[in-house]
Structure formats: C-alpha cells, structure tokens
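Remarks on the overall topology
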Amino acid sequence: MAQGRVTYRLDYRVHPPALVGDGGPGQGTSARLCRDPDSPAPDRLRSLRAFHLRAEDGAPVARVVTEQALGSRLSGRPAVYHVLDPYGAPLGRITLRRRRAFRWGRRRWTVEPVAGPVLQGYQGRLVWWVLWWPFGLPVYLLFLLWVLMAEADDGFRPPRRIIWRDPARRAHLVFRAVAEDYRLLSQDLDPRLINALIALHQSYDCPEEAGTGGWYGG
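All of the points below concern the structure found in this document.

Criteria and thresholds
- Residues numbered from 1 in each chain as written.
- Predicted model: local features only at pLDDT ≥ 70, side-chain atom pairs only at ≥ 80, totals over all residues.
- Heavy atoms only, no water.
- Helix = DSSP H or I, 4+ residues; strand = E, 2+ residues; numbered from the N terminus.
- Polar contact = N/O pair within 3.5 Å; in protein donor to acceptor, adjacent residues only side chain to side chain.
- Contact = heavy atoms within 4.5 Å.
- Core = buried A, V, L, I, M, F, W, Y, C linked by side-chain atoms within 4.5 Å.
- Buried < 20%, exposed > 50% of the residue type's maximum accessible area, 1.4 Å probe, protein only.
- 1 Å grid on protein atoms, 1.4 Å probe; cavity = no way out; pocket = protein on both sides within 12 Å on 5 of 7 lines; lining within 4 Å.
- Points joined across faces, edges and corners; volume = space filled by probe spheres on them.
- Nonpolar A, V, L, I, M, F, W, Y, C, P; charged D, E, K, R; others polar.

1. Observations regarding the side chain of H201
- With respect to the helices, strands and loops of the structure, H201 is situated in helix α2 (residues 191-204).
- A polar atom in the side chain of H201 sits 2.6 Å from the side chain of Y182.
- If near-sequence neighbours (up to four positions away) are discounted, H201 is found in contact with W109, I162, F175 and Y182.

What follows is the structure, given as structure tokens:
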C-alpha cells in the first residue's frame, strides 16, 4: 500500500455508491458498495448486512457477511461481521456494540484484523457527551419536533466523531463528523478491511444525502 495519509469519502451521487480515497498522486483508491442480491431480510434491529466491495472495473475486492445480529439493549449482544477476500479467506472481523439500557456508555466499533493491531473506536468524545445530555438533548428534542411540524431536514445530531485506536492508544483512523470523511493516519491495516469498516459504519451513521435508510437500507 502506498505511504502517506488517505482521506476517504462515500460518493452517493453514483449508483452503486463509490468509496473514494484521496491521498495525492498515486494514492487514491475507490470501491463500489454493492448489496448482495440474496442478502438476508432486515431483522428487527436492522443489523443484518451482506454486501460486496468491487473495483471500478467490477472486479471483487472484499465481501462482508453477518456472523451475529444485534441483540436488544437489555442483552447487550453486539453485531459481528466477517470481512472476506474474493476467495473467501478472512481479512478480519468488525464488531458493533451499543450502549446497554440503563447503563452509561458509548457505541463502540472494534476492528480485529487477521494481521495487525486490534482497533477500538468510540462514538463521540466524552467531553461532548457530558455537554450533550444536559444541554444538547433538550435542544435536539425540540429540533425534532420542529422538523416534524415543518417537514424540514434533521441537521442537529448527537456527537458522532470516532477515533479508532490500538491498545497503545495510537490513532489509526478518524471519522470526522462535520466533514463526513475518514482520515487514515497509518498504513498498518489492509485497505480492504478499512473500506469494509467505512461501508459498515456508513450503513448505520450516514449523512442526510444518503436518505433515511442510508446506502444499504435505502
């Protein structure tokens, strides 16, 4: 993989959506996100996923399948996804764990590559969540009421920034919520696994332009 930082964005203007990386001359990469024709029907929590990543010429790059669907907030059971190469060999595993009911916590994304450090990313910085609950949440509820009455777009959201770090606290990937992009800070992980992680995350937390169900559920 080429050296240097790469910034990834998801382009919803094309179909299927394109994941484009921009890191300077010779460093750009792209993949198309293609939902499997025989993908499982959405479960109650809409956590089942089955899709392919393909190159611009249609060649398969990677595949994401669901090992375990999300459980209820009471059970705390995470969603687990496998990332495979075009021949079915594992590239890694991605886990989504939500905050359990009646407990403090943040949504957590864990990346376990076959080779490389395990990364964990928590949604939102603690300082912003501390401010969100007493101040942001009431404003958000009022904003939602205004959205429903005025049929406007929902532009006010809880903290969303994520920094994926290894056990040594070194940052590898940053989701910048305002810019709606992903900045890759190191070259330690397979880019196919990074692309799969971004595609999964965007299927849960997507910009308004992607629609209500995002690229996967839309």
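2. Details of the nonpolar core
- In this structure, I94 and W164 are the most contacted members of the largest nonpolar core, which totals 42 residues.
- Looking at which element gives the most residues to this core, the answer is α2, with 7 residues.
- Sequence-distant contacts of W164, that is, excluding residues within four places in its chain, are made with W109, V111, L119, Q120, G121, R170, A171, H172, L173, F175, Y182 and L197.

3. Description of empty space enclosed by the protein
- Under the definition given, this model contains 1 cavity of 30 Å³ or more.
- Around the largest cavity, the lining residues are L70, G71, S72, R73, G76, R77, R97, R98, R99 and R100.
- Of the residues belonging to the lining of the largest cavity, the class tally is 1 nonpolar, 3 polar and 6 charged.

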